[in-house]
Amino acid sequence: MTKENLWKNYTDEQKEVIFEFAEKYKKYLDSAKTEREFVDLTEKELKKNGFVDINEKNELKKGDKIYFNNRNKNIIAVIVGNDIKSGINMIVSHVDSPRLDLKPNPIMEEEEFALLNTHYYGGIKKYQWAATPLALHGVVFLKNGEKVTLSIGENDDEPVFSMPDILPHLAYNVQDNRKARDVIKGEELKLLFGNMPLNDENVNKKIKQFVLDKLKKDYGIEEDDFFTAELEVVPTGKLRDVGLDKSMIGGYGQDDRICAYTSLRALFDVKETEKTVMVYLTDKEEIGSEGSTSLKSTLPEYVVGKMLSLTEKNYNDQILRETLWNSKALSSDVTAALNPVFKSVHDVENAARLSYGLAFAKYTGSRGKVMANDADAEFIQEIRQIFDKNDIKYQSGGFGKVDEGGGGTVAKFLAYYGIRTIDAGPSLLSMHSLFEISSKADLYETYRAYKVFFELK
């Protein structure tokens, strides 16, 4: 395992490769700030790399490259090996990130301001979302069935949105005595959406009506259409280099799209494989993997069963169960990096460190290993051997001290099928914030590690 900062031993040529890889990563995430946008972009990239929709296939053979798009929220890409029944090497990441969602009836007027009413999605520190520029992304279906795709707030000539905070001069009674999680309360997550009144004395709520008229004029959207909308509020702006040495990357959505991107790049670089290999990009992890686009659904069975039905003449459910039981997976999710400012929450000897390579977590969570997948020693040894053989830079890491707190991943849902699974991904600082920080060294080593994992016999 890595015992020192990786930058110490990189040559200038290696650093150049790593920095170039990071530029492509930043560009990809800048274009995909929601799970739907990430899936749309990834489907285009899959097609460019020779992958075809599985629904276009009548049979599968070794070397076929296929993908399955589930409701534009998660996407699964596969390169078929010699015998699917012998098991699949899969890397599973999630592409949803903490955010604010608009409520079904979001537009309100208060004191001559049009406001957007929101509900937070996933684990956030709500106060981080106040007094900062935000963008609106998503889709709306109109009454006539037309689908309208929105992205407002990313370009310089577009407006942004923001949640008003209370000035410190007047915060003493209303805010200063609140606990950190309640500095901004859930029902205070309201975004400024307009302040210009409609010049019509017959209209009661003139500010709200003005923005409704503008929505109708610019996008064809009426107030009732928000019932069918899927609109997400995310930080505006691009990923940026962090540090004078530009060794780090800062920006939104790196949990867990850093793993999704590196696993895709690794899959694209697979030349030939004996085993069937899969990149599985899932949704809803940040809210406990609930819903039909999550890993807790029966989608894994559906997709693997469909693949087997296209390769096995006498396909049956037992073959599906054996295929899943024979499979191996990396639950590809980020972990917490040792924080130099708040290091008291970490077990320093067992904490992942930025720029030390891919971080393995035998289990996540810290209270009695509850709700965790506890990877078996034989599987860990198997991975260690192939990683050591290929000079992959890796480390072990967990979320924090025992009883300090913890987090969950999709590993336990994979293990449910008997898939041998371990959590493995880069570590981040400021996880779940609007500006998460990763290491360019870890980004590149994660890509290298995932590529090697696909070669596991």
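Residues numbered from 1 in each chain as written. Predicted model: local features only at pLDDT ≥ 70, side-chain atom pairs only at ≥ 80, totals over all residues. Heavy atoms only, no water.

Student: I'd love a proper account of the sheet that holds strand 5 (residues 99-110), names of residues and values included.
Tutor: The strand order 8-7-10-5-6-9 describes an open sheet built from six strands, whose pairing is antiparallel. Looking along the sheet, the strands with just one partner apiece sit at the ends: strand 8 (147-152) and strand 9 (190-194). Put simply, the sheet's adjacent strands are angled 30° from each other on average, direction ignored. Sheet analysis places strand 7 (residues 134-141) next to strand 8, joined by six bridges and oriented antiparallel. Within strand 8, the position partnered with Leu136 by the bridge is Ile152. (Pairing = 2+ DSSP bridges. Helix = DSSP H or I, 4+ residues; strand = E, 2+ residues; numbered from the N terminus. Axes fitted to C-alpha atoms, helices over the stretch in contact; angles between N-to-C directions.)

Student: Which residues make up the nonpolar core, and what are the values?
Tutor: Buried together is how nonpolar side chains tend to be arranged in soluble globular proteins. Grouped together as the largest cluster of nonpolar side chains are 59 residues, with contacts concentrated most on Phe38, Leu330, Phe360 and Phe387. Ignoring anything within four residues of it in the chain, the contact list for Phe360 reads Leu330, Ile383, Phe387, Tyr394, Gln395, Ser396, Gly397, Ile422, Asp423 and Ala424. By size, the runner-up hydrophobic cluster in this structure holds 33 residues, among which are Ala135, Met163, Val211 and Leu231. (Core = buried A, V, L, I, M, F, W, Y, C linked by side-chain atoms within 4.5 Å. Buried < 20%, exposed > 50% of the residue type's maximum accessible area, 1.4 Å probe, protein only. Contact = heavy atoms within 4.5 Å.)

Student: Describe the pattern of salt bridges, with residues and values.
Tutor: Per the stated rule, a full pass over the model turns up 31 salt bridges. Across the pair Glu312 and Lys85 runs a salt bridge, and its minimum N-O distance is 3.2 Å. Of the two residues, Glu312 sits in the loop between helix 5 (299-309) and helix 6 (317-325) while Lys85 sits in the loop between strand 3 (74-79) and strand 4 (88-94), which places them 227 residues apart along the sequence. The class for Lys85 is partly exposed, based on a relative accessible area of 29%. Note that Glu222 and Lys143 form a salt bridge whose closest N and O atoms lie 3.6 Å from each other. With Glu222 in the loop between helix 3 (206-219) and strand 10 (230-235) and Lys143 in the loop between strand 7 and strand 8, this residue pair connects regions lying 79 residues apart in the sequence. Judged by relative accessible area, which is 32%, Glu222 ranks as partly exposed. A residue is classified by how much of its surface remains accessible, and Lys143, at 63% relative accessible area, is exposed. The network of salt bridges with common partners includes Glu35, Arg36, Lys73, Arg99, Asp101, Glu230, Glu232, Asp283 and Lys284. (Salt bridge = Lys/Arg side-chain N within 4 Å of Asp/Glu carboxyl O.)

Student: Go over the packing of helix 1 (residues 12-30) against helix 9 (residues 440-453), please, and point to the residues and values.
Tutor: Across the interface, helix 1 lies against helix 9 with an axial gap of 9 Å and an inter-helix angle of 85°. Considering their axes alone, helix 1 and helix 9 lie roughly perpendicular with respect to each other. Only Lys440, Ala441, Leu443, Tyr444 and Tyr447 of helix 9 make contact with helix 1, whose side of the interface consists of Val17, Ile18, Phe19, Phe21, Ala22, Glu23 and Tyr25. Residues that form the contact of helix 1 with helix 9 fall into these classes: ten nonpolar, no polar and two charged. (Parallel < 35°, antiparallel > 145°, perpendicular 65-115°, else oblique. Nonpolar A, V, L, I, M, F, W, Y, C, P; charged D, E, K, R; others polar.)

Student: Any chance you could break down the side chain of Lys26 for me, citing the residues and the numbers?
Tutor: Within the secondary structure layout, Lys26 lies in helix 1. We classify Lys26 as buried; its relative accessible area is 8%. Among all residues touching Lys26, those that are not within four sequence positions of it are Leu239, Asp241 and Ile249.

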